[in-house]
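Fold and geometry: a report
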Amino acid sequence: MWLVSFAAVSYFGGSGVAVLPIAVGFALLTTWWSYYSSDKLVIRMTGAQVLQESDNPKLFGLVQEVCLASGLPMPKVAVVIDDAPNAFATGRNPEHALIAFTTGILDVMERDELQGVVAHEMAHVANRDTLVSAVAATTAGAIAILSDMLMRMMWFGGRRDREGGNNPLLLVISLVVMVLAPVAALLLKAAISRKRESLADATAVDFTRNPAGLRKALEILARDSTVVHQRSNAVAHIWIESPLDGKSVSRLFATHPPIEERIATLRALEGNA
Amino acid sequence: MELLIILGVAGLLVLFLISQYNKLIRLNVAVDEAWAQIEVQLKRRSDLIPNLVETVKGYASHESATFEKVVQARAAATSATAVADVAAADGMLTQALRGLLAVAENYPDLKASANFLSLQEELATTENKVSFARQFYNDNVRALNVAIKTIPSSFFAGFAKVTEREFYEIEDPQERNAPKVQF
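A few points on the structure. Since we're looking at a predicted model, the values are computed, not measured.

**Concerning the overall build of chain A**
Broken down by element type, chain A carries eleven helices and four strands. The proportion of buried residues among the 273 residues of chain A is 37%. Long-range pairs, those at least 24 residues apart, make up 72% of the contacts in chain A with a sequence separation of at least 6.

Structure representation (structure tokens):
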């Protein structure tokens, strides 16, 4: 999506400032379209199958209980055929929400643990995390486009300037800033994602009043080493357990807080109960 | 110039008034809705009971005292309307049901019957739903009562004709003494 924007910008050349709003506008449009139809999009991307109540009454019962506790409307419930235990939530608002669970997680979790996972996903819905991620992604993308454009304009502008007209130090600083800005934006996006995950854990406990359930679920996920097959970067952040290889992704770029930290936080809540 | 400023300040004041009033109204309606949810779940449980009593009667016809308790408690629960009355009747019914299920323990044929098992399962899920509906109701009552008691919304409570609501407190003495298990 960003490649298309860059291509469009390059085609029109970096010389006109009027191209900026077109490029950013295009990026905005595509991000917001994917946010708006996020439930249908994610179904197609992950192969999730929407369930009816009769397909899994126990799961639906758990979701209904969380809806009663949170006051949220009932979301669409889907299943992804995958042995790795994981779950995600998406949808542009609580009325159009979708939560999905892998067959792996449905098989391995007990009632309280699965309800903790359901509550975590509904917490994402309640906190409008799809919207937050969309805004973060748009901002990060816009920064990337902007810095690219500025670099192009500076490159062309620099050539036309008279010799020795520019302060070289200023040039170096602006160059460094323009190169690092997109990286900073990605770091920020990851930090936001981590904070929202912690918030979802806390909101989940607010719904169920049972920190032990979610804590036990996370302990099971920590022990399990299988990873979901859908490992695309675009949807990595929405899974409850990060599907990206923990060793290759630096802590700063991680979309989830370390699972041991999450378990410890929940344990602390149990002590106070 | 001064007139514009005065009008501006007055306008902001009016907006503030409206927002405080609306906040109280919204919280009050949320409490009403949460109460309606409790009633929906209690009714679901209530509807399960005649079936359950008949199934147990089929195997343990002479345990009339237990059945009477359940039937009476159910009648009381259906007729209660005020929060405290509903809570009390709910507690009595839970205790009576517990008695009925304890009696059922003595009849292995009954325990094995598919009908009884499915009713028991439905009762368990409905009890959970009642519990969550109660939790949601109490959360909303807390939000409303806090708004009524704290400044600045406390000034508007009378104007909005919104009064403090009662919490749904468990009347079941056994539930109060539920043991806390620490690992």
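**Focus on the overall build of chain B**
Counting its secondary structure elements, chain B contains six helices and zero strands. Mapped from its N terminus to its C terminus, chain B presents α and β elements in the order α-α-α-α-α-α. With the C-alpha coordinates of chain B rotated into their principal frame, the extents come out at 90 × 40 × 25 Å. The long-range fraction of contacts in chain B, counting pairs at least 24 apart against all pairs at least 6 apart in sequence, stands at 78%.

**So, the environment of Pro108 of chain B**
Its location among the elements puts Pro108 of chain B in helix α4 (residues 108–112). In this structure, the C-alpha to C-alpha distance between Pro108 of chain B and Gly91 of chain B, residues 17 residues apart in sequence, is 28 Å.

**Here's the deal with the packing of helix α8 (residues 168–208) of chain A against helix α9 (residues 211–223) of chain A**
All names here are of chain A. One can describe the packing of α8 onto α9 by two numbers: an axis separation of 8 Å at closest approach and a directional angle of 135°. Taken together, α8 and α9 sit at an angle that is classed as oblique. Within the contact between the two elements, α8 uses Asp201, Ala204, Val205 and Thr208 and α9 uses Pro211, Gly213 and Leu214. Its residues assigned to classes, the contact of α8 with α9 comprises four nonpolar, two polar and one charged.

**A look at the packing of helix α1 (residues 2–59) of chain B against helix α2 (residues 64–79) of chain B**
All names here are of chain B. At their nearest, the axes of α1 and α2 sit 11 Å apart, and the two run at 160° to each other. With respect to each other, α1 and α2 are oriented roughly antiparallel. Here α1 runs over α2; the crossing is left-handed. In this structure, α1 contributes Leu42, Ser46, Ile49, Val53 and Lys57 to the contact, and α2 contributes Phe67, Val70, Val71, Arg74, Ala77 and Thr78. Broken down by class, the residue content of the contact of α1 with α2 amounts to seven nonpolar, two polar and two charged.

**Let's talk about the pairing of strand β4 (residues 98–102) of chain A**
Residue and element names in this part refer to chain A. The buried fraction of β4 is high, at five of five residues. Side-chain alternation along β4 places Leu98, Ala100 and Thr102 on one buried face and Ile99 and Phe101 on a second face that is also buried. Sheet analysis places strand β2 (residues 76–80) next to β4, joined by five bridges and oriented parallel. Across the sheet, the residue bridging to Lys76 is Leu98, located in β4. Note: strand β3 (residues 87–90) against β4, four bridges, orientation antiparallel. Within β4, the residue paired with Ala87 across the bridge is Phe101.

**Overview of the sheet that holds strand β1 (residues 49–50) of chain A**
The strands that make up a sheet pair up through hydrogen bonds in the backbone, lying either parallel or antiparallel. Residue and element names in this part refer to chain A. The strand order across the open sheet built from four strands is β1-β2-β4-β3, with neighbouring strands paired in mixed fashion. Either end of the sheet is taken by a strand with one partner, and the two such strands are β1 and β3. Helix-sheet contacts for helix α6 (residues 111–126) involve β3 and β4, and the interaxial angle to β3 is about 25°.

**A word on the interface of chain B and chain A**
Listed by partner, the interface residues are eight residues for chain B and seven residues for chain A. Top contributing element to the side of chain B that touches chain A by residue count: helix α5 (residues 114–149) of chain B, with seven residues. Per-class residue counts for the side of chain B that touches chain A are three nonpolar, four polar and one charged.

**Observations regarding α1 of chain B**
Between the first and last C-alpha of α1 of chain B there are 87 Å, a value that for 58 residues agrees with the 86 Å anticipated at 1.5 Å per step. Of all the bends in α1 of chain B, the largest measures some 25° and sits at Ile49 of chain B, one to four residues before the proline Pro50 of chain B. Of the residues making up α1 of chain B, those classed as buried are Leu24, Leu27, Asn28, Val31, Ala34, Gln37, Ile38, Leu42, Arg45, Ile49, Leu52 and Val56 of chain B. Packed against the buried residues of α1 of chain B are α4 (57–70) of chain A together with α2, α3 (83–104), α4 and α5 of chain B.

**Section: the environment of Gln37 of chain B**
Assignment of secondary structure puts Gln37 of chain B in helix α1. Since 20 C-beta atoms lie within 10 Å of it, Gln37 of chain B is described here as buried. Beyond its immediate stretch of four places on either side in the chain, Gln37 of chain B contacts Leu68 of chain A together with Ala133 and Phe136 of chain B.

**Overview of the nonpolar core**
Residue and element names in this part refer to chain A. Counting 74 residues, the largest nonpolar core has Val66, Ala100 and Met122 as its most contacted members. Sequence-distant contacts of Val66, that is, excluding residues within four places in its chain, are made with Gln115, Val118, Ala119, Met122 and Phe207. By size, the runner-up hydrophobic cluster in this structure holds five residues, among which are Ala136, Ala140, Ala185 and Ile192.

What counts, and at which threshold
Residues numbered from 1 in each chain as written. Chains lettered and ligands numbered in written order. Predicted model: local features only at pLDDT ≥ 70, side-chain atom pairs only at ≥ 80, totals over all residues. Helix = DSSP H or I, 4+ residues; strand = E, 2+ residues; numbered from the N terminus. Buried ≥ 20, exposed ≤ 12 C-beta atoms within 10 Å, placed from the backbone. Contact = placed C-beta atoms within 7 Å. Axes fitted to C-alpha atoms, helices over the stretch in contact; angles between N-to-C directions. Parallel < 35°, antiparallel > 145°, perpendicular 65-115°, else oblique. Nonpolar A, V, L, I, M, F, W, Y, C, P; charged D, E, K, R; others polar. Left-handed = near helix turned anticlockwise from the far one by under 90°. Pairing = 2+ DSSP bridges. Expected span 1.5 Å × (residues − 1). Bend = angle between axes of the 7 residues up to and from the residue. Core = buried A, V, L, I, M, F, W, Y, C linked by C-beta atoms within 7 Å.

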